[in-house]
Amino acid sequence: MQPIKMVDLYGQYLKIKEEVDHSVQEVIESSVFLKGGKVAVFEKELSDFLGCHVISCGNGTDALQLAFMALGLKQGDEVITTPFTFVSTVEVLVFLGIKPVFVDIDPATFNIDVNLIEDAISPKTKAILPVHLFGQCANMEPIMAIAKRHKLKVVEDAAQSLGCLYKFTDGSRQQSGTIGDIGCTSFFPTKNIGAFGDGGAVFCNDPDLADKVRSLANHGMEKKYHYKSVGINSRLDAIQAAILEVKFKKLGNYLSARKNAASHYNKQLQPIQEIKTPLQSTFSTHTYNQYTIQIEERDRLQAFLKEHGIPSQVYYPKPLHLQKAYTNLGYKEGSLPTSELVSQKVLSLPMHTELDIDQLGFISNSIKEYYS
Ligand SMILES: *Cc1c(COP(=O)(O)O)cnc(C)c1O
């Protein structure tokens, strides 16, 4: 059996080595390293797939920043989101002088509890920022209804959920990140489509908003050396686009591989009483960017797995409202009890496209042994 990794980017690369090497070589030969070239090709392919405008940028954090800049949110505005997420979600808000207002999560899906959103709305609220955590959509239909009722914008953090489909009650389906006003994704190496470095993208349906995002990502430029707003410099480079383009063609296969690994874990681990396996909600597919179980005495199982050569990770050990950097938001222990409790219990198991049946069997047997 091959050693088990949390993520196996090299193993994934070996299967597409020729295509990736060729695509990267083409960039070097063309010397079109930024804008145009492979970047334009990749944006177009993603845009065709999602059915909306796509603006690539430097990373997922920038994508979120660009979203709130483009929507014109200002100092003192409030945005509703959850504290059980990667730091970027909240960091960009604070950086722009926007106040994150936290709402607790549904412990079964780790996503924002839509029943708590309306109570958090104040006259300063301008937007809702659902995070499709671990690869599964937050419940977008009620979120969109609340947003409509209160005239709020919706920005989706789809960093972990590229390719995930939201299922509306009328049976229609829509790609995560394309439902709200703006969607943001990341091509960080461990995401559903990972670059060999940084990358990100902004999705939106409104062509004017898309133009705004594109301009803001390019220094606020209107035409060459003329600037209509204060922007930033955030771009995907063509080497990354060359890699992403090859991998994007395999997205369907990659998501199936993740789903198969998750099915294996589900089947083997669901009978173990002490383990709460991740719930797949009725309103979303699951892309299993992470396979995250909930258990008591999490650190003990993690140590046991480590002894058996099985890596695991805690996403996330401390909700953002309790982090030192964000204490001045005024939350304290007990403010968001579900996020706090869940952060003590979560453990993400190895999850990637290259896990084979021997490895999966070894992981689940080791967990069974621990609980036997
Ligand atoms: C990865 C991630 C981001 C940030 O993406 P980067 O490309 O690392 O900047 C934002 N939000 C969530 C939920 C993420 O998982």
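Residues numbered from 1 in each chain as written. Predicted model: local features only at pLDDT ≥ 70, side-chain atom pairs only at ≥ 80, totals over all residues. Heavy atoms only, no water.

Engineer: I'd love a proper account of the side chain of Lys-247, names of residues and values included.
Structural biologist: Tracing the backbone through its elements, the reader meets Lys-247 in helix α8 (residues 238-248). One buried charged side chain, Lys-247, makes no salt bridge at all; its nearest oppositely charged neighbour is Glu-354, positioned 8.3 Å away. Apart from the residues lying within four places of it in its own chain, the contact partners of Lys-247 are Leu-9, Gln-12, Ile-16, Ile-193, Gly-194, Phe-196 and Tyr-254. (Helix = DSSP H or I, 4+ residues; strand = E, 2+ residues; numbered from the N terminus. Buried < 20%, exposed > 50% of the residue type's maximum accessible area, 1.4 Å probe, protein only. Lys, Arg positive; Asp, Glu negative; His and termini not counted. Salt bridge = Lys/Arg side-chain N within 4 Å of Asp/Glu carboxyl O. Contact = heavy atoms within 4.5 Å.)

Engineer: Help me get a handle on the pairing of strand β3 (residues 99-102), residues and values and all.
Structural biologist: Relative to β3, strand β2 (residues 78-81) is paired through 4 bridges, and the arrangement is parallel. Counted as the bridge partner of Ile-80 is Val-101 from β3. (Pairing = 2+ DSSP bridges.)

Engineer: Go over the packing of aromatic side chains, please, and point to the residues and values.
Structural biologist: Tallied over the full model, the rule gives 18 aromatic pairs. Taking 6.3 Å as the distance between ring centres and 90 degrees as the angle between the ring planes, the aromatic pair formed by Phe-84 and Phe-134 counts as edge-to-face. Taken together, the positions of Phe-84 in the loop between β2 and α5 (88-95) and Phe-134 in the loop between β4 (125-128) and α6 (140-149) put the pair 50 residues apart, joining distant regions of the chain. The exposure class assigned to Phe-134 is buried, which follows from its relative accessible area of 2%. Plain terms: the ring middles of Tyr-265 and Tyr-291 are 4.7 Å apart, the flat faces sit at 35 degrees to each other, and that makes the pair tilted. (Phe/Tyr/Trp six-rings, centres within 6.5 Å; stacked < 30°, edge-to-face > 60°.)

Engineer: Report on the site of the ligand, specifying residues and quantitative values.
Structural biologist: Close to the ligand lie 16 residues, the nearest being Gly-60, Thr-61, Gln-160, Ser-186 and Lys-191. One of the backbone N or O atoms of Gly-60 is found 2.7 Å from an oxygen atom in the ligand. Protein burial of the ligand: of its 380 Å² of free accessible surface, 93% is covered by the chains. Secondary-structure elements contributing two or more residues to the shell around the ligand are α4 (60-70) and α5. Broken down by element, the residue count for the shell around the ligand peaks at 3 residues, all from α4. (Near = heavy atom within 4 Å. Polar contact = N/O pair within 3.5 Å; in protein donor to acceptor, adjacent residues only side chain to side chain. Areas by Shrake-Rupley, 256 points an atom, 1.4 Å probe, with all protein chains shown as cover.)

Engineer: Any chance you could break down the domain arrangement of the protein chain for me, citing the residues and the numbers?
Structural biologist: The assigned domain composition of the protein chain is domain 1 (9-101 + 113-248) and domain 2 (251-371). Listed per partner, the contact involves 37 residues of domain 1 and 32 residues of domain 2. A buried area of about 2,900 Å², summed over both sides, lies between domain 1 and domain 2, and 58% of it is on carbon and sulfur atoms. Considering only the side of domain 1, the residues that lose the most area to domain 2 are Pro-83, Phe-84 and Phe-134, jointly responsible for 26% of the buried surface there. Across the pair Lys-15 and Glu-354 runs a salt bridge, and its minimum N-O distance is 2.6 Å. Along the contact surface separating domain 1 from domain 2 lie 17 residue pairs in polar contact (both at pLDDT 80 or more). Among the secondary structure elements, those contributing two or more residues to the side of domain 1 that touches domain 2 are α1 (9-15), α5, β3, β6 (165-167) and α8. (Domains from an automatic or database assignment. Buried area = accessible area lost by both parts, 1.4 Å probe.)

Engineer: How would you summarise the sheet that holds β2 if you had to cite specific residues and measurements?
Structural biologist: What the 7 strands build is an open sheet, ordered β1-β9-β8-β5-β4-β2-β3; its pairing is mixed. The open sheet terminates on both sides in strands that have one partner only, identified here as β1 (53-57) and β3. Averaged over all adjacent pairs, the angle separating strand axes in this sheet is 25 degrees, with direction ignored. The sheet contact formed by strand β8 (residues 182-186) and strand β9 (residues 200-204) spans 4 bridges and is antiparallel. (Axes fitted to C-alpha atoms, helices over the stretch in contact; angles between N-to-C directions.)

Engineer: Mind laying out the packing of helix α9 (residues 251-269) against helix α12 (residues 357-371), listing which residues take part and the relevant values?
Structural biologist: Following both chains from N to C, one finds α9 and α12 inclined at 30 degrees, their axes separated by 10 Å at the closest point. In terms of orientation, α9 lies roughly parallel with respect to α12. As α9 packs across α12, the resulting crossing turns out to be right-handed. Between α9 and α12, the contacting residues are Ala-261, His-264, Tyr-265, Gln-268 and Leu-269 on the first element and Ile-357, Leu-360, Gly-361, Ile-363, Ser-364, Ile-367 and Lys-368 on the second. (Parallel < 35°, antiparallel > 145°, perpendicular 65-115°, else oblique. Left-handed = near helix turned anticlockwise from the far one by under 90°.)

Engineer: Can you tell me about α5, naming the residues and giving the values?
Structural biologist: When we look at burial in α5, the residues that qualify are Ser-88, Thr-89, Val-90, Val-92 and Leu-93. Positive phi shows up at Gly-97, right after α5, with a value of about 80 degrees.

Engineer: Would you mind going over the nonpolar core in detail, with residue names and values included?
Structural biologist: Core analysis: the largest hydrophobic core is formed by 33 residues, its most contacted members being Phe-84, Tyr-265, Leu-269, Tyr-291, Ile-293 and Leu-349. Aside from chain neighbours lying at most four places away, what touches Tyr-265 is Gln-270, Tyr-291, Leu-349, Pro-350, Met-351, Leu-355, Leu-360 and Ile-363. (Core = buried A, V, L, I, M, F, W, Y, C linked by side-chain atoms within 4.5 Å.)

Engineer: An account of the environment of Phe-68 is needed here, citing residue identities and associated values.
Structural biologist: Among the structural elements, Phe-68 can be located in helix α4. By relative accessible area, Phe-68 is classed as buried at 0%. Ignoring sequence-local partners within four residues, the contact set of Phe-68 consists of Leu-73, Val-79, Leu-93, Leu-96, Ile-98, Ala-127, Leu-129 and Val-155.

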